[in-house]
Amino acid sequence: MNNSSQFDADVIVIGSGVCGGIVAARLAKAGKSVIILEAGPRVKRAEIVETYRNAPVKLSLANMKAQGSGSPFPNPPHIPSTYGDYLQQVGPVKYPTKYLRVVGGTTWHFGSALWRMIPNDFKLRTLYGRGRDWPIGYDELEHYYNEAEFELGVSGVDGQDESGHGGAAHPPRSKPFPMKGLNEPYFMQRVAEMLRPGGYNPVIEPHGRASRPWNNRPVCAGNNNCNPVCPIGAKYDGSMHIDEAERAGAQLRENAVVDKIEAGDDGRITAVQYKKPDGSSHRLTARQFVLAAYGIESPKLLLMSTSEKYPNGIANSSDQVGRNLMGHTGISMNIMMGEDVWPGQGPTELLVYLNWRDGPFRKDIPSYKTKFRNTVPTSQIAAGLIDKGVFGSKLDAEIRRQSARSLNVAVDFETEPLPQNRVVPSRTKRDAIGLPVPEIYYSVNDYWNAGRDFAVPDLQRMAGLMNAEILKMDLGHQDRQHIMGTTIMGNDPKDSVVDRDCRTHDHPNLFIAGTSVMSSASCMNPTLTGAALSVRIADQLLKEI
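Everything quoted here is computed from the prediction, not taken from an experiment. (Residues numbered from 1 in each chain as written. Predicted model: local features only at pLDDT ≥ 70, side-chain atom pairs only at ≥ 80, totals over all residues. Heavy atoms only, no water.)

**Description of unusual backbone geometry**
Most peptide bonds adopt trans geometry, and most residues besides glycine take a negative phi value. With an omega of 0 degrees, the peptide bond running from His170 to Pro171 counts as cis. You can see Pro171 is positioned in the loop between strand E4 (155–156) and strand E5 (179–180). Between Asn227 and Pro228 the backbone carries a cis peptide bond, its omega angle lying at 15 degrees. For Pro228, the location among the structural elements is in the loop between strand E6 (202–204) and helix H7 (239–247). (Helix = DSSP H or I, 4+ residues; strand = E, 2+ residues; numbered from the N terminus.)

Below you can see the structure in the form of C-alpha cells.
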C-alpha cells in the first residue's frame, strides 16, 4: 500500500519554531512527506518592523515595563498574545514568559544567545547533589551542537573558556564556530578593562547574528533591536527553516491550533485534530509525530488529549507532563557610570561574566550568568526627566549624558526542576475558540534565594570596580523567558516524559522537540541545546521512516 493512501504524511510536526523547523527541513530534504501545523499566522518582516517603528511605546529588553502594552506581532483572538492576560498565574512567583505563536516561533524576538551547555551541566545530581542528571552526556551531544550551530549560523569567538574561569578553551569542541564573532563595541571593551583587576573574565556570547553573509542573511548592522525584531534579517529566526522545509516539499498549515492527539490501544499515536480560527475541526494522520509547540503549549496539549484509555492525557503515565517547569529567574542592577561608555551599538547582548557558572559552590548556590545589556532606554530616560520638569537644552544634554552612562547588569540563575512548578490547562478560563488557557504555578526554593543573596554583593563589587553609582537593584523574580523542563527527559518512565532520544516513554511514534525536554537548566540560554536535540531527533526519524 503506498504511503499516501494510508497516511496524510510520513511525519506531522506540531509547531513551526526553531526546533520543529529543523526537524521538518531535515526530513523534507531527505524526501519524506511532512506536514507542519502552526497555531498562528505567517508574518512578514517588513510589516512587523513597520508596526514596531510606529508604536508609541517601543517594546524591548531595555523597556521591560512596556511589555504589557503590546508587541508588534499579531494578536488574533484564536492565539491570544502572552503579553496580555492569556497565561493564568496561580503560584507565589509570577512566570510571565513571552512566546510567539507565529510561523517561525519565538526566535523572531529572541536575543539570539546560542550557548552550549558544559559537561558538568549534564551531571548535576552526581556532582553536586542538585536537580537531576541527564540520561545523555555532553560527549553524545557535541556532534549535534556542531550541526545545530551550522543550521542556525552561529557567530562566536573560538578558544574562549566558556566556563568563565579564564583558562583553556571550554567546553571541548570538535569544530570551530561557523562564523567569527562580531566586533566588540567600545562600551564592552571599557567595562572588561575595568573589571579585569577584580578577577572577572569577560566572555563574548555566541549568537545567531551573521558576521558575514550567510544563507541569504546580511551581516548584522547593529540596529540594536534584536528584541523584538531584526529589521534586516541578519539574526536567525525559525521562519528560515520553515522556508527551507517548504522548498523541499513540506506543507505548512498556518492558523491550525492542534487541540487533541489521538492514540491507539497499542500506544501508537494515530492522528491529531486541529481547529481553525472559524472553529471548524480537522484531522490528520501520519506514521510519526513530533510535538514542538514550546514549553507551555506542548504540555497543555498533552494534558488536554484525554480519552478513556488515557484519562490523564498523552505521554503522562508518569504524571510528569507539565511539571518541573524551570526558567532563569533573575535579578538586575541599574548603574550610572562615571564616564561616557556609549552602550547601544551593535547587538543587544554580547558581554557576559561566567565566574559563577561552575564549581563545587553549586552544591550550595545555583550557577549564574551576569550579562551587560547593550541597550539604551532613551524614551524612559526622557520621560523621567520631563516628569522632573527638565526641558529645552538642559533636557537634550541630560538625555545625552544619561544614555551614554546608564547600564543594566542582569543575573540569570539556574533553577532546579521542582515537580510542583507546573503548567496545566485552566479549568476556569477559555480562549476564543473554546480551548483552556495555560495555568502556571511557579515558585523558587531556598537554593535560588541563596543565589540571590550571594549575587547581590557580587554585583555591588562589580559596580565598585567600575566607579559606578548603583541607581537601583531589582531583586524581584525577573523572568528571562527561557522555558524548560515541562516534558522532562530521563531513563525511568516513572519519573520522566521522554527517553534519551526525546521519544515519549508511552508512545513509540511521538517525539518531543524543544527545550521542554531538558533535565537541567544550567544558567545559559537553552535554544542551542533544544536545536541540537532536534537535529538528533531528525536523525533518529530518518532511520525509522
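**Some remarks on the pattern of salt bridges**
Using the criterion set out here, one finds 37 salt bridges in the structure. When the shortest N-O distance is used, the salt bridge between Lys429 and Asp85 registers 3.5 Å. One end of the pair, Lys429, is in strand E15 (residues 422–430); the other, Asp85, is in the loop between helix H3 (45–54) and strand E3 (88–89), and 344 residues separate them in sequence. Taking relative accessible area as the criterion, Lys429 reaches 27% and is therefore assigned partly exposed. On the basis of relative accessibility, which here comes to 57%, the residue Asp85 falls in the exposed class. A salt bridge links Asp412 to Arg480; the nearest nitrogen and oxygen atoms lie 2.7 Å apart. One end of the pair, Asp412, is in strand E14 (residues 406–413); the other, Arg480, is in the loop between strand E17 (469–478) and strand E18 (510–512), with 68 residues separating them in the sequence. Given the relative accessible area of 6%, Arg480 is considered buried. (Salt bridge = Lys/Arg side-chain N within 4 Å of Asp/Glu carboxyl O. Buried < 20%, exposed > 50% of the residue type's maximum accessible area, 1.4 Å probe, protein only.)

**Some thoughts on the nonpolar core**
Core analysis: the largest hydrophobic core is formed by 83 residues, its most contacted members being Ile12, Leu37, Val272 and Leu302. Of all the elements, helix H2 (residues 18–29) adds the most residues to this core, at eight residues. When sequence neighbours within four positions are dropped, the list of residues in contact with Leu302 reads Ile261, Leu291, Gly313, Ile314, Ala315, Val321, Thr487, Leu510 and Ile512. The next biggest cluster of nonpolar side chains, apart from the first, holds 43 residues, and it includes Met194, Val341, Trp448 and Met466. (Core = buried A, V, L, I, M, F, W, Y, C linked by side-chain atoms within 4.5 Å. Contact = heavy atoms within 4.5 Å.)

**Overview of the packing of helix H9 (residues 378–387) against helix H10 (residues 392–405)**
At their nearest, the axes of H9 and H10 sit 10 Å apart, and the two run at 135 degrees to each other. Judged on the interaxial angle alone, H10 and H9 are oblique. Remark: the crossing between H9 and H10 carries right-handed chirality. Residues Thr378, Ile381, Ala382, Leu385 and Ile386 of H9 touch H10, and the partners they reach there are Leu395, Glu398, Ile399, Gln402 and Ser403. (Axes fitted to C-alpha atoms, helices over the stretch in contact; angles between N-to-C directions. Parallel < 35°, antiparallel > 145°, perpendicular 65-115°, else oblique. Left-handed = near helix turned anticlockwise from the far one by under 90°.)

**As for the packing of aromatic side chains**
Under the definition given, this model contains 14 aromatic pairs. Summarising the aromatic geometry, the rings of Tyr200 and Tyr353 are spaced 6.1 Å apart at their centres and angled 90 degrees between planes, so their arrangement reads as edge-to-face. Of this pair, Tyr200 sits in the loop between helix H6 (186–195) and E6 while Tyr353 sits in strand E12 (residues 349–353), and the two are 153 residues apart along the sequence. Between the aromatic rings of Trp356 and Phe454, the centroid separation amounts to 4.7 Å while the plane-to-plane angle is 80 degrees, which identifies the pairing as edge-to-face. Of this pair, Trp356 sits in the loop between E12 and strand E13 (368–373) while Phe454 sits in helix H11 (residues 446–465), and the two are 98 residues apart along the sequence. Among the aromatic residues, those joined into a ring-pair cluster are Trp356, Phe361, Tyr368, Phe413, Trp448 and Phe454. The ring of Phe177 carries the charged tip of Arg173 above its face, separated from the ring centre by 3.8 Å. (Phe/Tyr/Trp six-rings, centres within 6.5 Å; stacked < 30°, edge-to-face > 60°. Lys NZ or Arg CZ within 6 Å of the ring centre and 35° of its normal.)

**Here we look at the environment of Ala531**
Tracing the backbone shows Ala531 in helix H12 (residues 527–544). For Ala531, a relative accessible area of 0% corresponds to the buried category. When residues no more than four places from it in sequence are discounted, the contact partners of Ala531 are Val18, Cys19, Ile22, Ala148 and Leu152.

**Brief notes about the packing of H2 against H7**
Geometrically, a packed helix pair is captured by the angle between its two axes and the distance between the axes. Interhelical geometry of H2 versus H7 gives an angle of 20 degrees and a closest axis separation of 8 Å. By the criterion of interaxial angle, the relationship of H2 to H7 is roughly parallel. Like other packed secondary-structure pairs, H2 and H7 cross with a definite hand, here left-handed. Mapping the contact onto sequence places Gly21, Ile22, Ala24, Ala25, Ala28 and Lys29 in H2 and His241, Ile242, Glu244 and Ala245 in H7. Class assignment for the residues of the contact of H2 with H7 results in six nonpolar, two polar and two charged. (Nonpolar A, V, L, I, M, F, W, Y, C, P; charged D, E, K, R; others polar.)

**Considerations on the environment of Asn316**
Position of Asn316 relative to the elements: it lies in the loop between helix H8 (294–304) and strand E11 (330–336). With relative accessibility at 5%, the residue Asn316 sits in the buried group. If near-sequence neighbours (up to four positions away) are discounted, Asn316 is found in contact with Leu303, Val321 and Asp506.

**Comments concerning the pairing of strand E10 (residues 281–291)**
Where strand E1 (residues 9–14) and E10 come together, five bridges link them in parallel fashion. Along E10, the bridge assignment pairs Val11 with Gln288. Sheet topology places strand E9 (residues 269–275) next to E10; five bridges connect them, and they run antiparallel. Each bridged residue has a counterpart across the sheet, and for Ala271 the counterpart in E10 is Thr285. Hairpin connection, E9 to E10: the antiparallel pair is bridged by five residues, and Gly279 has positive phi, about 90 degrees. The sheet contact formed by E10 and E18 spans three bridges and is parallel. Bridge assignment links Val290 to a residue of E18, and that residue is Phe511. (Pairing = 2+ DSSP bridges.)

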